[in-house]
Amino acid sequence: MPSDSADLSGYALDLLRPWWLLGLLLLPALWYLYRRSLVDFDRGQRIASLAVRSVVVVLLVLALGGLTLLRPTTERYVVFVADESLSVGGEEGRNPVREYLAALGELPSGDEAVVLPFAADVGTPVSLAAFLEAGTEAGGAPPSGDGEAESAKERLRGTDVAAALRTALAAAPPDKVRRVVLLTDGNETAGNAVQAALGSLDRIDVVPLPTRAEPEVAVSEVLVPSQVARGEPFFVEVAVDSNHDDEVTVEVFRGPLKVVSEKQTLKPGENRFRFRQTVERDRLAEYTVRISGAKEDALVDNNAASGLVYAAGKPRILLIDSDPDAARSLVWALEEEDVEADVRPPRGVPEDVADLQNYEVVVLANVPATDLSSRQMAVMRTYVRDLGGGLVMLGGDQSFGLGGYYRSVLEEVLPVRSDFEKEKEKPSLAMVLIIDKSGSMGGQKIELAKDAAKAAVELLGPKDQLGVIAFDGAPTWVSDIRPASDKAGLEASISTIGAGGGTTLYPAMTEARDALRRAAAKLKHVIILTDGQSSPGDFDGVTRDLASDRVTVSTVGVGQGADMNLLEEIARTGGGRHYFTDDPGNIPQIFAKETVTASKSAINEEPFVPQLLRPTAVLDGVGVEDAPFLLGYVVTRPKATAEVILGTETGDPLLTWWRYGLGWSVAFTSDAGPRWAAEWLAWEGFGPFWAQVFRHAMRKGGGTGTTVNLARDGDRVRMTLDAADPAGGWRNDATTELTVIDPALGSRTVQARQTAPGRYEAEFQVPRGGAYHTEISQKIGEQVVARQSRGVTVGYPEELRLRPTNEALLRSLAAAGGGTFDLPAADVFAPDDAT
């Protein structure tokens, strides 16, 4: 940094930014204005004004130039930056630091020293004496209780030397000789320490610390190819680090299946092993390598690592059906069309993206939303929106509105809505919601219950009626039974419900019974929601009264504290349905399902012949114009930008699709089984129809000549893509972007840059452990020319790796900071070092 200095009897004037002296060019302008001024002041006043203005300009220029008066001093301020991360042994690693600091001896008069501990984050500076005194009192033992847990988490997260240096340099006062002494093993996991040191004018000395000395073995790396063909042999290469002779069992898992188990001898240093593998069915295979049985091993958290392999082959779909046996006809028809289908019940819906990546399409056949968790629905949305997968929902008495999908995560994905206009000829419904508002329903539960009740209001038609009772120790009519057309009034009343009190259900049921007896409606229904054990009452009697009045009763138990036996008995006697959920997030779906089911308005079981409303190449050659009749469908309405391909004779949508994010979502409101599609099962176009619809919804992969590699370095991953066009030349100037899905289903888009002919590169951070999935797409103009799915796994924290002291980095740090590598404690406060 440039500066000008003038010596003044041992003192110095330092101008840090001398280029600001150009501001003195304003002085001639001031003098010129003085000579030309027409101000009616006498000459003395004008000279005084000119002098004051000139002084102000000079002072302002000198201030901006950083004029500083320096005085000579030999007093030093030393910041000892102490690495307390797990790679130096955590609390045990403090002992070398304390030994070094204790060897300093007594500080010279006027000198100060502080200790700045750091790991992933930087701590608070403490005086040298206080640090040594705390170590003596603690006897080198780690803290106890919650403090110990938090300290362990911090040490485990990593080592940010750069952040510690920046803090240390900023903390030193300007009126003393400033100096930083860094004590670390140099194994940084974040930041760039050398770059931070280069930006400093203060001296940085380095003291290398030893890494963990206890016996240790660790799986340091699992190398697998990014992509293979199904059935193609490849190798899983494993690197195991050890600091001693040992013997371990190496196990290799493909997903949950163990495929290798071998005894291996370890030597100090890196040990590499290779295992031959093939992928026969999966599109995405996760290989996890674990070691066990070591004679000496201090840490077990670093004994496993994983890698992801993508396999290209025949397209596969995942068919989820509430009755898997009913899906046989569809599966056989698809096999004839060379499409593989795996059939699972609703409980088999994946809860992680890696499982869904094995399929090009997910098909939900008559699966209610109440059988799916919030996590499962969120994973499917991520799969379609961010990874380009396909979702197809088939109709049935447990699908669309009848399945409780209104306002759900998946209704957002679907091209149709469930809040249709109820037909005039449908019977009117009077419904009472009985909602537990006891103290245990506080927080999220009561808010979701209110949201569910409001959703029920929206699903009812103008001829329907709704009443809401909230109960704790006694029932309270939140809203008397009134027409559902007063939606604003009902929703406002529901918003007033607050939690608190006991749990007494019986009086609320009698209130609902008496009110429904007075209500004029063809259908009557009660929904009871509770999470606790009610006070005693004649529940059987009041439920039989309701049943004799042709009122159906359904019950919802939330959490393990609910009286399931009582609720099941009420639902059985009341001719309704019983639901249990551990996830309060399912409450709105349960209420939506019950409301639509009770109103008997979302289903039409009159035979009809499908009508082709929008010709499409997808159905070419199927002969859909000659398709036989279907026996029923679920009533929905299309969203604004959806394409309605097939409709019913009444104009309702039958086959609808749209693009959602990177993928496609399809709704077929009839079914593909014996209930409504009995005539279709014998139709020669049955197999081709479904094969072509599913192929249309499949993720669009491929990109011949495209090679993708993901390489992880610490908390960052570098993507390298080499792309060739169909003619064999490099594909240049293509818009290339990555959609990155983290383990918590968060997504972000990263733009890649072209770095060479046909080569594109991008980087993204991987701050937490787990699987990161990416969807990589290339466009020329608006046309997508290539799309690839890839992934990378992040295992244990970098801090747990078995590595020696990074002497090369520490020497570079000392050189960049103008200091000494491996500075002896006796030289820290040597007199000739003070300047």
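Residues numbered from 1 in each chain as written. Predicted model: local features only at pLDDT ≥ 70, side-chain atom pairs only at ≥ 80, totals over all residues. Heavy atoms only, no water.

Colleague: Mind laying out the sheet that holds strand β37 (residues 735-741), listing which residues take part and the relevant values?
Modeller: Pairing within the open sheet is antiparallel, and its 4 strands lie in the order β38-β37-β41-β42. On the outer flanks of this sheet lie β38 (747-751) and β42 (783-794), each paired with one strand and no other. Pairs of neighbouring strands in the sheet enclose a mean axial angle of 20°, with direction left out of account. Sheet topology places β37 next to strand β41 (residues 770-780); 7 bridges connect them, and they run antiparallel. The residue of β41 that forms the bridge with T736 is Q778. (Pairing = 2+ DSSP bridges. Helix = DSSP H or I, 4+ residues; strand = E, 2+ residues; numbered from the N terminus. Axes fitted to C-alpha atoms, helices over the stretch in contact; angles between N-to-C directions.)

Colleague: Could you give an account of unusual backbone geometry, with specific residues and numbers?
Modeller: Positioned with a positive phi, D338 is a non-glycine residue whose angle comes to about 65°. For D338, a relative accessible area of 43% translates into the label partly exposed. Residues other than glycine seldom take positive phi values, yet D733 does so here, at roughly 55°. Looking at the secondary structure, you find D733 in the loop between β36 (716-723) and β37. (Buried < 20%, exposed > 50% of the residue type's maximum accessible area, 1.4 Å probe, protein only.)

Colleague: Explain the sheet that holds strand β13 (residues 257-266) residue by residue, including any values.
Modeller: Strand pairing in a sheet relies on backbone hydrogen bonds. The paired strands run either parallel or antiparallel. With mixed pairing, the 5 strands of this open sheet are ordered in space as β10-β16-β15-β12-β13. Because the sheet does not close on itself, it has two edges, and the strands there are β10 (227-229) and β13. Adjacent strand axes in the sheet meet at a mean angle of 25° when their direction is disregarded. Bridge count between strand β12 (residues 246-254) and strand β15 (residues 284-292): 6 bridges; the pairing is antiparallel. In the strand pairing of β15, T249 is matched with S292.

Colleague: Describe the side chain of S87, and please don't skip the residues or the numbers.
Modeller: Structurally, S87 is set in the loop between β4 (76-83) and α3 (94-102). A distance of 3.2 Å separates the side chain of S87 from the side chain of S85, its partner in a polar contact. One polar contact links S87 to E799, side chain to side chain, over a distance of 2.7 Å. Aside from chain neighbours lying at most four places away, what touches S87 is T159, D185, T211, R212 and E799. (Polar contact = N/O pair within 3.5 Å; in protein donor to acceptor, adjacent residues only side chain to side chain. Contact = heavy atoms within 4.5 Å.)

Colleague: Describe the pairing of strand β25 (residues 523-530), listing the residues and the values that go with them.
Modeller: Extensive coverage of β25 is indicated by the burial of 8 of its 8 residues. Side chains L523, H525, I527 and L529 project from β25 onto one buried face, and the interleaved K524, V526, I528 and T530 project onto a second face that is buried too. Two elements, strand β22 (residues 429-436) and β25, share 7 bridges in a ladder whose sense is parallel. Looking at the pairing, I435 lines up with L529 of β25. Following the backbone out of β25, through helix α15 (residues 539-548) and into the adjacent parallel strand β26 (residues 551-558), one traces a crossover that is right-handed. (Right-handed = clockwise from strand over helix to strand, strands pointing away.)

Colleague: Could you give an account of a nonpolar patch on the surface, naming the residues involved and the relevant values?
Modeller: Together, W19, W20, L60 and L64 give the surface a local cluster of nonpolar side chains, amounting to about 410 Å² of exposed area. Tracing the backbone shows L60 in helix α2 (residues 43-64). (Patch = residues over 30% accessible without salt bridge, like charges linked within 9 Å, V, L, I, M, F, W, Y side chains within 5 Å. Areas by Shrake-Rupley, 256 points an atom, 1.4 Å probe, with all protein chains shown as cover. Salt bridge = Lys/Arg side-chain N within 4 Å of Asp/Glu carboxyl O.)

Colleague: If you had to explain helix α12 (residues 444-459) to someone new, which residues and values would you point to?
Modeller: Compared with the 22 Å implied by 1.5 Å per residue over 16 residues, the 23 Å span of α12 between its first and last C-alpha is a close match. By the burial criterion, the buried members of α12 are I446, L448, A449, K450, A452, A453, A455, A456, V457 and L459. Residues of α12 that are buried in the fold lie against β22, β23 (465-471), α13 (487-494), β25 and α17 (587-599). (Expected span 1.5 Å × (residues − 1).)

Colleague: Please set out the pattern of salt bridges residue by residue, giving values where relevant.
Modeller: Within this structure, the stated rule accounts for 42 salt bridges. With a closest N to O distance of 3.0 Å, R614 and E643 form a salt bridge. With a gap of 29 residues between them, R614 in the loop between β29 (611-612) and β30 (633-634) and E643 in strand β32 (residues 643-647) connect regions that are remote in the sequence. In the salt-bridge network here, residues are joined through shared partners; they are R281, D282, R316, E340 and D342.

Colleague: Got a sec to walk through the environment of K445? Specific residues and values, please.
Modeller: Relative to the assigned elements, K445 resides in helix α12. According to the relative accessible area criterion, K445 is partly exposed, its value standing at 21%. Sequence separation of K445 and M393 is 52 residues, and the distance between their C-alpha atoms is 29 Å. Sequence-distant contacts of K445, defined by excluding residues within four places in its chain, comprise S440, D531, V558, P584 and I587.

Colleague: Explain the nonpolar core to me, and be specific about the residues and the numbers.
Modeller: With 43 residues, the main nonpolar core has L655, F689 and W690 as its most contacted residues. For this core, the secondary-structure elements that each account for two or more residues are β17 (316-321), α8 (328-336), β19 (361-365), β20 (390-394), β32, β33 (653-660), β34 (663-668) and α18 (686-697). No other element matches α18, which puts 7 residues into this core. Listed in part, the 42 residues of the second largest apolar core include L356, L364, L459 and V596. (Core = buried A, V, L, I, M, F, W, Y, C linked by side-chain atoms within 4.5 Å.)

Colleague: Hey, could you go over the packing of α8 against α18 for me, with residue numbers and the actual values?
Modeller: Running from N to C, α8 and α18 cross one another at 80°; their axes reach a closest spacing of 8 Å. Between α8 and α18, the angle is such that the two are roughly perpendicular. Here α8 contributes S329, L330, A333 and L334 to the contact with α18, which in turn contributes F686, G687, W690, A691 and F694. Residues that form the contact of α8 with α18 fall into these classes: 7 nonpolar, 2 polar and no charged. (Parallel < 35°, antiparallel > 145°, perpendicular 65-115°, else oblique. Nonpolar A, V, L, I, M, F, W, Y, C, P; charged D, E, K, R; others polar.)

Colleague: Tell me about the side chain of T595, and name the residues and values.
Modeller: Structurally, T595 can be placed in helix α17. On the basis of relative accessibility, which here comes to 1%, the residue T595 falls in the buried class. Other than its neighbours up to four places away in sequence, T595 contacts L429, M431, A456, L459 and L460.

Colleague: Provide a residue-level description of α2, including the pertinent values.
Modeller: Taking 1.5 Å as the rise per residue, α2 with 22 residues should run 32 Å; its terminal C-alpha atoms sit 32 Å apart, in good agreement. Where α2 is buried, its residues touch α1 (26-36). Once α2 ends, the next one or two residues include G66, with phi positive near 75°.

Colleague: Can you explain the packing of aromatic side chains? Please cite residues and give values.
Modeller: By the definition in use, this model includes 12 aromatic pairs. Relative to W680, the ring of F668 has its centre 5.9 Å away and its plane inclined at 50°; by these criteria the two rings are tilted. Of the two residues, F668 sits in strand β34 while W680 sits in the loop between β34 and α18, which places them 12 residues apart along the sequence. Aromatic pair F689 and W690: ring centres 5.0 Å apart, planes at 85°, arrangement edge-to-face. A relative accessible area of 0% places F689 in the buried class. Positioned over the ring face of F253 is R290, at 4.7 Å from the centre of the ring. (Phe/Tyr/Trp six-rings, centres within 6.5 Å; stacked < 30°, edge-to-face > 60°. Lys NZ or Arg CZ within 6 Å of the ring centre and 35° of its normal.)

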